[in-house]
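Residue-level structure breakdown
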Amino acid sequence: MSGLSRSDSKARPRPWWRGLAFRIVFALCLPLTLILVAAGWVNLRQQRDHLERQLEVSATRCADTIRRSTRDAMLLNQADQLNRILRDIGLQKGISAIRIFDGRGVIKRATDPADLETRLKREESLGENGPIESQVFRRNDAGERVLSIVLPVENEADCAACHRPVGEEPYLGGIEVVFPLKAIDEQIHESEVSLGIGFGVTLLAATAALVLLMWRLVIRPVNRLSVAADQVATGDFRARMPVVSRDEMGQMADRWNNMLEELSSTRQELERLNQDLEVRVEDKTNELHEAYRRMMLVEKMASLGKLSAVVAHEINNPLAGITTYARLLRRRMEKQTEEPQEVDPADTLRILKMVEEESARCGRIVQNLLLFSRAPTAHFAERDVGPIIERCALLVHHQAELQDVAIDVDLPEALPPIVCDAAQIQQVVIDITMNAIEAMPEGGTLRLAATWLPDEEEVMISIADSGIGIPPDLLETIFEPFFTTKSEGHGVGLGLAVAYGIVEKHGGSIKVASTQGEGTTFMIHLPREAPIRPDQGEFVPGGSDR
């Protein structure tokens, strides 16, 4: 998942605006809203244009009527009659002002006396030859919209008595009629309000219909599917979707049910296979434990064979001395029997002491060999590492002398005891030590040391030689079973593999540092408290090799 577990998703409800229902309704209502707004705007625009066009036509006709009504009064120059006509027409509803101006735009007659002798402000109503016909929508001083209709007054032949000839002055002036648009603007505003209300009601009804439709056709089936998916996630494959339609949702529900049937069958099959696999894994694990036990025994026997030859040479020297001294004492006793002579008691005691020392030496070698060759059953107890290393040095001493290898043992005065199987740790040290001696065919120095690491609460046993070293490409494979660099007949490649397994069983580790031509160092790290498992043997409280 993307960072949240299923329990987190239940604890944190999803915001409503991220739900499927909101997204679908929003995706459908947004274009619908835009369409309705655009349609309403176009409708209002058309309605406004239509009303304004009608108003222009009506206003133009009204202005033309006013112009015709005042024509006779202007021809006869009857100012009173003209003013009365303008006043009567100006009182009618729908006309806010009537102005008559000359060719320069100066107002000569008006319904509002304040406009007299003022100049027309709209330059667009005046051309080079005088007033021109125009229809202008503008705002008056009160800020209300008005329609200004300007119609020019042509210079007729009958006007020549008071004005210039027609050819010299085609227009005498013009007449402006101003119509208020307040009623029309209010009507348009009412239309906008009605349209807005209709738009809102339509949008709400469409949204409600869409929500209901989406709920019945999409949201409710999806929610059922989500609940069923949660049940399946908990391992319940009985969650089924009701098939209530033949559309895509119905097909999805039917396929969901078929999928659960197949998943249920597959799960049962997997559980059966898992049980069979557990049985097989347990059998194979037992077989591997047995194979590993046999491998340890084979390697122990191989090491024991090597040690037997070494011990035979080691025991041969003290036995030869014991035999020589025994023969010497026997001959002295025989001569003393035949012919009594004076015997030096100190010399006899010296010979007996030598026999005793050599016998004790043989006994120690045999005892150490027995400790190494005993059954591989693990017996964990608190043991001092120092005596184990000393015993190993004693067992390989003769082999080291044969290959001109000097053994240097470096042990601290006080080394804390660790929980271990002394025989197995001894086997690890002897296997690595024998390999180290064989890696120095021309002789060299073998250094055995032990160090207490207080920060890690562990003992490090270091076995360093000055031999030929290990190639870097082989360092990662030296602990693999049956891997060996020795010639045929000199090893089967189990020593380091068994040593690695023993150290790992003790909760420790083995590290190797090697330089070709300079030597190799094995560092065995053993914790103070070994993680003892039931299959590793028993823990024997107490015990010490010192």
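All figures in this text were calculated on a predicted structure; none of them were measured in a lab.

1. Thoughts on the confidence of the model for the protein
- Looking at the protein as a whole, its pLDDT mean stands at 76, while 77% of the residues score no less than 70.
- Mean pLDDT in the protein bottoms out at helix H1 (residues 6-11), which sits at 45, and peaks at strand S12 (residues 458-465), which reaches 94.
- Across residues 487-492, where pLDDT falls below 50, the model places five contacts with residues more than four positions away in sequence or in other chains.
- Scored below 50 in pLDDT, residues 538-546 shows 27 contacts in the model against residues more than four places distant or in partner chains.

2. Brief notes about helix H8 (residues 385-395)
- Among the eleven residues in H8, nine count as buried, and that is most of the element.
- Buried residues of H8: Val 385, Gly 386, Pro 387, Ile 388, Ile 389, Arg 391, Cys 392, Ala 393 and Leu 395, and no others.

3. With respect to helix H5 (residues 182-233)
- Helix geometry: H5 is bent most strongly at Trp 215, by close to 55°.
- Within H5, the full set of buried residues consists of Ile 184, Ile 188, Ser 191, Leu 203, Ala 206, Leu 210, Met 214, Val 218, Ile 219, Pro 221, Ala 228 and Val 232.
- Positive phi appears at Gly 235, one or two residues downstream of H5, with a value of about 100°.

4. Here's the deal with the sheet that holds strand S11 (residues 444-453)
- In spatial order, the strands read S9-S11-S12-S14-S13; together these five strands make up an open sheet with mixed pairing. Both outer strands of the open sheet, strand S9 (405-410) and strand S13 (509-515), are each paired with one neighbouring strand and no more. With strand direction ignored, the average angle separating the axes of adjacent strands in the sheet is 15°.
- Across eight bridges, the pairing between S12 and strand S14 (residues 519-527) is antiparallel. If you follow Asp 465 over to S14, its bridge partner there is Thr 520.
- Packed on one face of the sheet, H8 meets S9, S11 and S12 and runs near 170° to S11.
- Packed on one face of the sheet, helix H10 (residues 422-438) meets S9, S11, S12 and S14 and runs near 20° to S12.

5. Description of the nonpolar core
- Residues Leu 446, Ile 461, Ile 463, Phe 522 and Ile 524 are the most contacted members of the largest nonpolar core, which totals 41 residues.
- Listing elements by their share of this core, those giving two or more residues are H8, strand S10 (418-420), H10, S11, S12, helix H11 (495-505) and S14.
- The residues touching Phe 522, leaving out its near neighbours within four places in the chain, are Ile 432, Ile 461, Ser 462, Ile 463, Ile 470, Ile 478, Phe 479, Leu 496, Ile 510, Lys 511 and Val 512.
- The next biggest cluster of nonpolar side chains, apart from the first, holds 22 residues, and it includes Leu 51, Ile 89, Ile 98 and Ile 149.

6. Here we look at the packing of H8 against H10
- Look at H8 against H10: their axes get within 10 Å of each other, and the N-to-C directions meet at 50°. For the element pair H8 / H10, the angle class is oblique. Taken as a pair, H8 and H10 cross one another with a handedness that is right-handed. On the side of H8, the interface is formed by Ile 388, Arg 391, Cys 392 and Leu 395, while H10 contributes Ala 422, Ile 425, Gln 426, Val 429 and Ile 430.
- The residue inventory of the contact of H8 with H10, partitioned by class, reads seven nonpolar, one polar and one charged.

7. Let's talk about the pattern of salt bridges
- According to the stated counting rule, one finds nine salt bridges in the structure shown.
- Linking Asp 185 and Arg 145 is a salt bridge whose minimum nitrogen-to-oxygen distance equals 2.9 Å. With Asp 185 in helix H5 and Arg 145 in strand S6 (residues 145-154), this pair connects stretches of sequence that are 40 residues apart.
- Judged by relative accessible area, which is 23%, Asp 185 ranks as partly exposed.
- Here Arg 145 falls in the buried class, since its relative accessible area comes to 16%.
- When the shortest N-O distance is used, the salt bridge between Glu 269 and Arg 272 registers 2.3 Å. Remark: Arg 272 and Glu 269 occur in helix H6 (residues 248-338); sequence separation between them is three residues, near one turn of the helix.
- Arg 272 sits in the partly exposed class, given a relative accessible area of 40%.
- Salt bridges here are not isolated pairs; linked through shared partners, they connect Glu 269, Arg 272 and Asp 276.

8. Examining the pairing of strand S1 (residues 97-102)
- Summarising burial for S1: six of the six residues are buried, a large majority.
- The side-chain alternation of S1 yields two buried faces, one formed by Ala 97, Arg 99 and Phe 101 and the other by Ile 98, Ile 100 and Asp 102.
- With antiparallel pairing between neighbouring strands as the criterion, S1 and strand S2 (residues 107-110) make up a hairpin whose turn holds four residues, including Gly 105 at a positive phi of roughly 90°.

Conventions adopted
Residues numbered from 1 in each chain as written. Predicted model: local features only at pLDDT ≥ 70, side-chain atom pairs only at ≥ 80, totals over all residues. Heavy atoms only, no water. pLDDT = per-residue confidence, 0-100. Helix = DSSP H or I, 4+ residues; strand = E, 2+ residues; numbered from the N terminus. Contact = heavy atoms within 4.5 Å. Buried < 20%, exposed > 50% of the residue type's maximum accessible area, 1.4 Å probe, protein only. Bend = angle between axes of the 7 residues up to and from the residue. Pairing = 2+ DSSP bridges. Axes fitted to C-alpha atoms, helices over the stretch in contact; angles between N-to-C directions. Core = buried A, V, L, I, M, F, W, Y, C linked by side-chain atoms within 4.5 Å. Parallel < 35°, antiparallel > 145°, perpendicular 65-115°, else oblique. Left-handed = near helix turned anticlockwise from the far one by under 90°. Nonpolar A, V, L, I, M, F, W, Y, C, P; charged D, E, K, R; others polar. Salt bridge = Lys/Arg side-chain N within 4 Å of Asp/Glu carboxyl O.

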